[in-house]
Amino acid sequence: QVQLVESGGGLVQAGGSLRLSCAASGGTFSSYAMGWFRQAPGKEREFVARISRSGGATHYADSVKGRFTISRDNAKNTVYLQMNSLKPEDTAVYYCAADLGSMFTTQVRRYNYWGQGTQVTVSS
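Quick notes on the rules
- Position numbers for residues start from 1 in each chain and track the written sequence from start to end.
- The model is predicted, so local features are restricted to residues of pLDDT at least 70 and side-chain atom pairs to those at 80 or more, both for listing and for counting; the totals for chains, interfaces and linings are taken over all residues.
- Each side-chain value is worked out from all heavy atoms of the structure, with water and hydrogens disregarded.
- Starting at the N terminus, helices and strands are each numbered in turn, a helix being any DSSP run of H or I of at least four residues and a strand any DSSP run of E of at least two.
- Computation of the radius of gyration draws on C-alpha atoms alone. For the globule rule, the value is 2.2 Å times the number of residues to the power 0.38.
- Residues count as neighbours in contact if any of their non-hydrogen atoms are within 4.5 Å of one another.
- Note on areas: Shrake-Rupley, 1.4 Å probe, and residue coverage restricted to the protein chains presented here.
- Residues scored as charged are limited to Lys and Arg (positive) and Asp and Glu (negative), so that His and the chain ends carry no count.
- A charge is said to be at NZ when it belongs to Lys, at CZ for Arg, at CG for Asp and at CD for Glu.
- Every case where a carboxyl oxygen of Asp or Glu lies within 4 Å of a side-chain nitrogen of Lys or Arg is listed as a salt bridge.
- Note on classification: 1.4 Å probe, protein chains only; a residue is buried when its accessible area is under 20% of the maximum for its type, exposed when over 50%, partly exposed between these limits.
- The criterion is simple. A nonpolar core is a set of buried Ala, Val, Leu, Ile, Met, Phe, Trp, Tyr and Cys residues joined through side-chain atoms within 4.5 Å.

Draft legend 1. Broad picture of the overall build of the protein. Secondary structure assignment for the protein yields 0 helices and 11 strands. When its helices and strands are written in sequence order, the protein yields β-β-β-β-β-β-β-β-β-β-β. Taken against the 2.2 N^0.38 rule, which gives 14 Å for 124 residues, the C-alpha radius of gyration of the protein at 13 Å falls within 12% of a compact globule. Projected onto the principal axes, the alpha-carbon positions of the protein cover approximately 40 × 25 × 25 Å. Of all intrachain contacts in the protein linking residues separated by at least 6 positions in sequence, the fraction that spans at least 24 positions is 57%. If you sum the accessible surface of the protein, you get close to 6,300 Å²; carbon and sulfur atoms cover 47% of it. Computing the positive centroid from 13 side-chain charges and the negative centroid from 8, the protein places the two 4 Å apart.

Draft legend 2. Quick peek at the pattern of salt bridges. In this structure the tally under the stated criterion is 5 salt bridges. The residue glutamate 46 makes a salt bridge to arginine 38 at a minimum N-O spacing of 2.6 Å. Aspartate 90 is paired through a salt bridge with arginine 67; the nearest N and O atoms lie 2.8 Å apart. Here arginine 67 lies in the loop between strand S6 (58–60) and strand S7 (68–73) and aspartate 90 lies in the loop between strand S8 (78–83) and strand S9 (92–99), a separation of 23 residues in the sequence. For the pair aspartate 90 and arginine 67, a shared accessibility class is recorded, and that class is buried. Within this structure, Arg38, Glu46, Arg67 and Asp90 form a network of salt bridges that share partners.

Draft legend 3. Spatial organisation of the nonpolar core. If you look at the biggest cluster of nonpolar residues, it comprises 33 residues, and the most contacted ones within it are Met34, Trp36, Leu81, Met83 and Tyr94. Mapped onto this core, the elements with two or more residues apiece are strand S3 (18–25), strand S4 (33–39), strand S5 (46–51), S7, S8, S9 and strand S11 (118–123).

See the structure below:
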């Protein structure tokens with residue numbers, strides 16, 4: 001059983017930055033890929049970014065490419081999402097998730113464990 005706890009959300013003005021963290025416990029962190037997703041009110045949960053087990057490969061949604069950076073520290077069992085140049089449309093609850101499978105995926109249903117989410121609000 002893997003437990004994930006996000007932190008770092010908050011209120012920021014457009015153009016600002018936030019860094020989200022997700023601490024993992026209860027499993028072998030370096031053995032699974034990690035993803036960040038977000039869900040805005042009235043919308044479906046959507047993929048934001050993914051990082052491979054070693055951290056050597058990353059993938060981003062087009063909407064955040066060039067502004068967000070996903071990284072991980074396997075020694076600290078933590079994955080991060082650095083968010084720069086934030087826009088009001090980035091407002092959502094952000095979730096980290098663990099993918100224990102071996103195939104690359106951005107699909108919500110393929111991720112095995114989820115955190116409780118952290119709210120990010122970007123004001124205009």
